[in-house]
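# A look at the structure
Listed here are the chains, written in short residue letters.
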Amino acid sequence: MAGQGSGSVDGPEMVVLRALKLGDLLVAVPALHGLRRAFPEHRIRYAAPAWLGPVVDLVGGLELLDTPGLDVPISLPPGVVDIAVNLHGKGPESRTRLDALQPRRRLGHRWDGPGHCWDGPAWLDGLHQRERWTRLLQWHGIAADPDDVRLEQARPSPRPGAVVVHPGAAHGSRRWPTERFARVAAALSRGGHDVVVTGSSNEQPLALAVAEQAGLGDDAVLAGSADLGEMAALVAEAEAVVSADTGAAHLASAYGRPSVVIFGPAPVAEWGPPPGPHIVLTDESQRRGDVFAETPDPALLAVQVDDVLAALESLGIL
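An account of the accompanying structure is given in this report. (Residues numbered from 1 in each chain as written. Predicted model: local features only at pLDDT ≥ 70, side-chain atom pairs only at ≥ 80, totals over all residues. Heavy atoms only, no water.)

In this section: the overall build of the protein chain. A tally of helices and strands in the protein chain yields twelve helices and ten strands. For 318 residues, the compact-globule estimate of 2.2 N^0.38 gives 20 Å, and the protein chain sits close to it at 20 Å. The buried share of the protein chain, reckoned over its 318 residues, is 56%. In the protein chain, of all internal contacts separated by at least 6 residues, the share reaching a separation of at least 24 is 63%. When the accessible surface of the protein chain is totalled, it reaches about 12800 Å², and 51% of it is carbon and sulfur. If the 27 positive side-chain charges of the protein chain are averaged to one point and the 39 negative ones to another, these points end up 5 Å apart. (Helix = DSSP H or I, 4+ residues; strand = E, 2+ residues; numbered from the N terminus. Rg over C-alpha atoms; globule rule 2.2 N^0.38 Å. Buried < 20%, exposed > 50% of the residue type's maximum accessible area, 1.4 Å probe, protein only. Contact = heavy atoms within 4.5 Å. Areas by Shrake-Rupley, 256 points an atom, 1.4 Å probe, with all protein chains shown as cover. Lys, Arg positive; Asp, Glu negative; His and termini not counted. Charge placed at Lys NZ, Arg CZ, Asp CG, Glu CD.)

Okay, structure coming up:
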């Protein structure tokens, strides 16, 4: 079970619904910190897919409640939840799942349609994700800082001081070309840096291709061998991170590690890093914006290897 933090397991129950992916969890961390501080007596359950458990632990004071998506009910009986918090979205599916719990109090965006009414701020398009969810809490009288992205570190890094090159992404629209990542990795290696290539087990072939093209040894590939908790520890002690707009980039933000983030379909204004040693590269004038496309977004392809190397140089890495 995920860590229970400062909330008592015998206290009143709060459920926070955000049954999405790693990046979605990490941009919600400022809101989660605000909830933990505002409700120290509550047992806070974060309803999301089970594989996120190692990072949910690092937020502090939360338990993960396995919720693989909105197609299944939240696995708690009606009437036991004191407060239900909708950090998932604005649609009827998320509201319906939380309404089924019959909570005493609901925290979410305004909804005056059929079913239970939700009191809250109006949904505004174009907000940064961190600001969206802290604004929601602020409307409900709960203090939250959108730049409060910190995570705990529960274990030492398997490769302290390495530069993390993370070539994978959930969809092709976010995948910068393999050969470009390889040229960046090669330049870092020539500069005397310890370079590791990360990713999920499904991304191991991609990581191996990057390492091979960069002339790195097999020990440079951690894709498929480092679990999510180890990945967080790796980033926490990394010299720098180079990635597309993925969970790896959000981990770099959470630990304040220098990062170069290559953006494609997602707007930087809604998903970009907080203030810190982070450089975003993109060409928004070419952005197609189809997050689920299998081909790279033109805004991503507009970023060249020399752009990334120059960004690393400006961060003092090269």
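The rest of the description comes next.
This next bit is on unusual backbone geometry. Its identity is not glycine, yet Gln102 carries a phi of approximately 55°, on the positive side. Within the element layout of this structure, Gln102 appears in the loop between helix 4 (92–99) and strand 5 (105–107). Looking at Gln102, the relative accessible area reads 51%, which means it is exposed.

Let's shift gears to the environment of Arg288. Among the secondary structure elements, Arg288 is positioned in the loop between strand 10 (278–281) and helix 11 (298–301). The exposure class assigned to Arg288 is partly exposed, which follows from its relative accessible area of 42%. For Arg288 and Ser173, which are 115 residues apart along the polypeptide, the C-alpha to C-alpha distance reads 9.3 Å. Once you skip the residues sitting within four places of it in the chain, Arg288 turns out to touch Ala293, Thr295, Pro296, Asp297 and Pro298. A polar contact of 3.4 Å, which involves the side chain of Arg288, links it to the backbone oxygen of Pro296. (Polar contact = N/O pair within 3.5 Å; in protein donor to acceptor, adjacent residues only side chain to side chain.)

For the rest of this paragraph, the subject is the pairing of strand 4 (residues 81–86). Burial of strand 4 is extensive: six of the six residues sit out of reach of the surface. Two elements, strand 4 and strand 5, share three bridges in a ladder whose sense is parallel. When the sheet's bridge partners are listed, Ala84 is paired in strand 5 with Arg106. On the question of chirality, the crossover connecting strand 4 to the parallel strand 5 by way of helix 4 is right-handed. (Pairing = 2+ DSSP bridges. Right-handed = clockwise from strand over helix to strand, strands pointing away.)

Residues separated by three or four positions in an α-helix point in the same direction, a consequence of the helix having 3.6 residues per turn. Most of helix 8 (residues 228–236) is tucked away, with eight of its nine residues classed as buried. Of all the residues in helix 8, the buried ones are Leu228, Gly229, Met231, Ala232, Ala233, Leu234, Val235 and Ala236. Looking at the buried positions of helix 8, the neighbouring elements they touch are helix 1 (22–27), helix 3 (53–59), strand 6 (163–166), strand 7 (195–197), strand 8 (240–244) and helix 9 (247–255). Residue Asp227 occupies the N-cap position of helix 8, its side-chain oxygen lying 3.1 Å from the main-chain nitrogen of Gly229.

This part takes up the sheet that holds strand 2 (residues 43–48). The five strands lie next to each other as 3-2-1-4-5, forming an open sheet whose pairing is parallel. Edge positions in the sheet fall to strand 3 (63–66) and strand 5, since each has one partner strand and no second. Sheet twist, expressed as the average angle between the axes of neighbouring strands with direction ignored, equals 25°. In the packing of helix 4 onto the sheet, the strands contacted are strand 1 (13–17), strand 4 and strand 5, and the crossing angle to strand 4 comes to about 175°. (Axes fitted to C-alpha atoms, helices over the stretch in contact; angles between N-to-C directions.)

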